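Chain and residue survey
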Amino acid sequence: MKPEWKEWAQEAKAEFPKANSALLPLLHRIQRAEGWLAPETLSDVAELLNLPVQYVESVASFYSLYFKQPVGKKVVHVCVGLSCMLAGSDELMHRLEEKLGVSQGQTTPDGAYTLLEAECLAACDLAPVAQVNLRYKGPVPPEKADELLKEEVSS
Amino acid sequence: MSQTFYLLRNREVPQIGHMDVYREHGGYDALKKSLAEFEPEQLVDLVKRSGLRGRGGAGFPTGVKWGFLPKDGRPRYLVVNSDEAEPGTFKDRELIENNPHQLIEGMIISSYAIGAGQAYVYCRGEFLKGSEELARAVKEAYAAGFLGENILGSGFSLDIFVYRGAGAYICGEESALLESLEGRRGNPRLKPPFPAVAGLYGMPTIVNNVETITNVPAIVTHGAEWYTSMGTEKSPGLKIMSVSGKVNRPGNYEIPLATPLRTLIEEYAGGMQEGRSIKCVIPGGSSVPLLMPDKLDTPLDYESVLQAGSMLGSGGCIVLDDTVCIVRAAARLVKFYREESCGKCTPCREGTYWMTDVLDRIEAGAGNEADLDMLLDIADNMNGKCFCPLGDASLGFMVSAIKHFRDEFEAHVREHRCPLGAKVYDTVNY
C-alpha cells in the first residue's frame, strides 16, 4: 500500500460519505497512478474503505475500464460500434493489430501499447473514432493508423 | 443553414464553457429569475406546461415525473444521467464538453424546483474530458456564488457532485446508475419502487438526462408558451438529433420536434454520399426498429415515429445506404448488447450471445435455412422476459431487419456468402 492512498481514501470518503460511493472514485485515482489494479491493490482498497475484499473484486470486475491486468503506457480503444463500422473501424483495428503484432485485448511485449475494442464511444460524428488513454482521437480512417499510434497524449 | 441555437449555443459562441463568457451571453440570468420570481412549485408547473419530455429515450413528461416525489420531508436528490452510450447517440457529450454551465444552471434551477439539496452528474467512464469540464465549471459556479450555502441570498442551498462511472452501458438505466453511484455493480433494481420514491441512498430521487435538464434554463427565460410554440401538442419543443452513418455531414443538429426525417438527413446532415441511396434509417438509437425509405416524410416527434413503426428514443439517427449489408449491421448491433448485458437475466445474457453467434454465422456464409426462424424464436423468448429493457432493446433492429430484408438474409444462406461482398475479418492470433 502506497502512503498517499490513505489520504486519497479519506478524500474520497469526505466527498462521498454515503453507502460505498467512495469506491469507484478511489479505484479511478489509484489506477491513474498505477496503470492497473493488481489483486493486492484491491485488497488494500478493501482495507482502506473497510469493505470485504470479495466485494471490491466483484465491483472492479463489473466495469470494463478497471484493468485487472497490466496495460501498456498507451491504452488504445478502437470504437467498433455500428456507425464506426460503417466508416471503416474494422479495417482500422485490423491494421493496428498488424502494426503492433498483437490481437485486440492484448498488450505489446515492450509494454508500450494495449489494444482494446470499445463498444460505442458516443462520438459517431468522429467515426471511426478511437481513444488513447481516454482522450478522443477522430476521425481516424484506417490509413491513419500509424498517426494514431504516434499521437502524444496528456495523462 | 442559419438558425438560432438554444441548446447548442456552443456552436456560435466560442469559449461559452467558461463562466465569464457564459455570463456575457446571459448565463445564470435564468437562475436569478427562478430564485427571485418563482416559488418551487411554480417552476414545476412551468416545466409541466412546457410539455418538456425526457430526452434520454423514454420521453416521459419531465414535470409529471417531478410531481411524483412524495411530500414526506425526507431529503431529495437530483441525479443527471450522462452515461450516454446508446450507439448512434452523442449529444450529451457535446453539451457537457462545450457548455457545462448550461447544464449546471439547469441543475440548480431543477434542484430548487424539486427541493433537492444535493445533485449529482453521473458521467460514463469514457467521458474523461466531459467530467473534467464539468468539475471545472462546478468550481467556477461555487466561486461565483451560484452553488453552496444560501445561493444569491435566496435561502436555497445546493451542492453538485461530479461522478464518473467506469465503462458499462447498463448504468444508463436509471436504477443501475443509482447502484453504481452507491459504489456497487451496475445491476438494475426491481421496480417499483421507482427512484422518485426510493432512489439514491433510499431517498426520493429524480433522474433526468443531460439534454432534458439543459432545456430548463431556456424554458425559464423564454416561457412555456415559447416552448409549446414548437413541435406538436404532445411533443413540444426542441430536440438534438445525432446523425451518423453514410451521410455527408454527421453531427448533432438542434431541431424543433416534428421536423421531417427527410429534412434532417437531406438538409441538416448534407444528404447521402455521392451516388448512394438510403437503405434504411435507425431514427432513435440502436435500440429501436429501423424505418424504410418510404417513411422519410415522418415528422420527428414521439407519436409520429411510433406510428411509423419505430421510436424517437434518444435521437441517435444512424443512416444506412445501399452498400451496407443488413446482416452485418444486425450482427454488430446485437454484439453490442451481448457485450453490455449485465448477465443477471438468463434470456438477455444467453439470448444476445446466441443471436450474435447465429448472425455471424449467416454473414460468414455458414448459415442454414432454419437460422432465420431460430433468430425470431430466440427473440420471442427474450421479449418482455427480462428485468430491465436491455434485452428487449437488443431485438428492435434485428427483428425489423428480418421483416424488411428477409430476402437478403436468405441470399446469404443460399449463396453461402455475403452477396454485398462485405469483408469479414478473421481474428488473427499473434
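Residues numbered from 1 in each chain as written. Chains lettered and ligands numbered in written order. Predicted model: local features only at pLDDT ≥ 70, side-chain atom pairs only at ≥ 80, totals over all residues. Heavy atoms only, no water.

Bringing the overall build of chain A into the picture now. Looking only at helices and strands, chain A has seven helices and four strands in total. Scanning chain A from its N terminus toward the C terminus, one meets helices and strands in the order α-α-α-α-β-α-α-β-β-β-α. Once the C-alpha set of chain A is aligned to its principal axes, its extents read approximately 50 × 30 × 25 Å. Per-residue burial for chain A yields a buried fraction of 55% across its 155 residues. Long-range contacts, defined as pairs at least 24 residues apart, comprise 57% of the intrachain contacts of chain A with a sequence gap of at least 6. Working note: accessible area of chain A is about 6700 Å², and carbon and sulfur atoms make up 49% of it. (Helix = DSSP H or I, 4+ residues; strand = E, 2+ residues; numbered from the N terminus. Buried < 20%, exposed > 50% of the residue type's maximum accessible area, 1.4 Å probe, protein only. Contact = heavy atoms within 4.5 Å. Areas by Shrake-Rupley, 256 points an atom, 1.4 Å probe, with all protein chains shown as cover.)

What follows concerns the overall build of chain B. Secondary structure assignment for chain B yields 18 helices and eight strands. By the compact-globule yardstick of 22 Å for 430 residues, chain B fits well, its C-alpha radius of gyration being 22 Å. Taken over the C-alpha atoms alone, chain B extends approximately 75 × 45 × 45 Å along its principal axes. In chain B, buried positions account for 61% of the 430 residues. Taking contacts inside chain B between residues at least 6 apart in sequence as the whole, the part at least 24 apart equals 70%. (Rg over C-alpha atoms; globule rule 2.2 N^0.38 Å.)

Residues and elements named next belong to chain B. Following the sequence through the fold, Asn 209 ends up in strand β4 (residues 205-209). The exposure class of Asn 209 is buried, given its relative accessible area of 11%. Remark: the alpha-carbon pair of Asn 209 and Val 121, spanning 88 residues in sequence, is separated by 9.6 Å. Not counting residues up to four positions away in its chain, the partners in contact with Asn 209 are Arg 55, Gly 56, Val 80, Asn 81, Lys 91 and Asp 92. A polar side-chain atom of Asn 209 sits 2.8 Å from the main-chain amide nitrogen of Glu 211. (Polar contact = N/O pair within 3.5 Å; in protein donor to acceptor, adjacent residues only side chain to side chain.)

Turning our eyes to something else, we now look at unusual backbone geometry. Residue A:Pro139 follows A:Gly138 across a cis peptide bond; omega there is -5°. For A:Pro139, the position within the fold is in the loop between β4 (135-137) and α7 (145-150). Look at B:Leu152: it is not a glycine, yet its phi comes out positive at around 50°. Here B:Leu152 shows up in the loop between α7 (128-143) and β3 (159-164). With a phi angle near 80°, B:Ala258 is a residue other than glycine that sits in the positive phi range. Considering the arrangement of structural elements, one finds B:Ala258 in the loop between β6 (251-256) and α11 (261-268).

Residues and elements named next belong to chain A. Reading across the sheet, the four strands line up as β2-β1-β3-β4 and stay open at both edges, with mixed pairing between neighbours. If you trace the sheet from one side to the other, it starts and ends with β2 (113-118) and β4, each paired once. When strand polarity is set aside, the average angle formed by the axes of neighbouring strands in this sheet is 25°. As defined by bridge partners, strand β1 (residues 74-79) adjoins β2 across six bridges and the pair is classed as parallel. The residue bridging His 77 from the neighbouring strand is Leu 116, located in β2. (Pairing = 2+ DSSP bridges. Axes fitted to C-alpha atoms, helices over the stretch in contact; angles between N-to-C directions.)

Let us look at the domain arrangement of chain B. Residue and element names in this part refer to chain B. Segmenting chain B into domains produces domain 1 (19-228), domain 2 (238-319) and domain 3 (326-415). Using only C-alpha atoms to locate each centre, domain 2 and domain 3 end up separated by 23 Å. Between domain 2 and domain 3, the residue contacts involve nine residues of the former and 11 residues of the latter. Both sides of the domain 2 and domain 3 interface together cover about 890 Å² of buried area, and 69% of this is carbon and sulfur. When residues of domain 2 are sorted by the area they lose upon contact with domain 3, Lys 279, Ser 286 and Leu 290 head the list and together hold 51% of the total. One can count one salt bridge joining domain 2 with domain 3. Note that Lys 279 is salt-bridged to Glu 408, the shortest N-O span being 2.7 Å. Where domain 2 touches domain 3, the interface holds four residue pairs in polar contact (both at pLDDT 80 or more). Grouping the constituent residues of the side of domain 2 that touches domain 3 by class yields six nonpolar, two polar and one charged. (Domains from an automatic or database assignment. Buried area = accessible area lost by both parts, 1.4 Å probe. Salt bridge = Lys/Arg side-chain N within 4 Å of Asp/Glu carboxyl O. Nonpolar A, V, L, I, M, F, W, Y, C, P; charged D, E, K, R; others polar.)

Judged by side-chain polarity, B:Phe60, B:Val64 and B:Phe68 come together as a nonpolar surface patch covering roughly 260 Å² of accessible area. For B:Val64, the position within the fold is in helix α4 (residues 62-66). (Patch = residues over 30% accessible without salt bridge, like charges linked within 9 Å, V, L, I, M, F, W, Y side chains within 5 Å.)

Once that is clear, we can look at the sheet that holds strand β7 (residues 278-282) of chain B. All names here are of chain B. If you walk across this open sheet you meet the four strands as β6-β5-β8-β7, and the pairing is mixed. Here the strands that pair on one side only, and so sit at the sheet edges, are β6 and β7. Between one strand axis and the next, the sheet turns by 30° as a mean value, whatever way the strands run. Sheet topology places strand β5 (residues 238-245) next to strand β8 (residues 316-321); four bridges connect them, and they run parallel. The residue bridging Val 243 from the neighbouring strand is Cys 317, located in β8. Of the strands in this sheet, β5, β6, β7 and β8 touch α11, which is tilted by about 135° from β6.

On to the nonpolar core. Of all hydrophobic cores here, the largest spans 71 residues; its most connected members are B:Ile104, B:Ile108 and B:Ile160. Here this core gets eight residues from one element, more than from any other, and that element is helix α6 (residues 100-114) of chain B. Residue contacts for B:Ile104: discarding those within four places in its chain leaves B:Tyr28, B:Leu134, B:Ala137, B:Val138, B:Ala141, B:Leu147 and B:Ile160. Among the nonpolar cores identified, the runner-up in size contains 57 residues, and A:Ala12, A:Leu48, A:Leu49 and B:Cys171 belong to it. (Core = buried A, V, L, I, M, F, W, Y, C linked by side-chain atoms within 4.5 Å.)

Glancing now at the packing of aromatic side chains. Think of a pair of aromatic rings as described by two things: how far the centres are apart, and how the planes are tilted against each other in angle. Applying the stated criterion across every chain yields a total of 20 aromatic pairs over all chains. Geometrically, the ring pair formed by B:Tyr28 and B:Phe146 is stacked, given 4.1 Å between the ring centres and 15° between the ring planes. You can see B:Tyr28 sitting in the loop between α1 (19-24) and α2 (29-37) and its partner B:Phe146 sitting in the loop between α7 and β3, a full 118 residues away along the chain. A residue is classified by how much of its surface remains accessible, and B:Phe146, at 1% relative accessible area, is buried. Three or more aromatic residues joined by ring pairs make a cluster, and in this case those are A:Phe16, B:Tyr77, B:Tyr120, B:Tyr122, B:Phe161, B:Tyr163 and B:Tyr201. (Phe/Tyr/Trp six-rings, centres within 6.5 Å; stacked < 30°, edge-to-face > 60°.)

Residue-level pLDDT values for chain B average 96, and 98% of them are 70 or greater. We note a pTM of 0.96 for the whole complex and an ipTM of 0.97 for its interfaces. (pLDDT = per-residue confidence, 0-100.)

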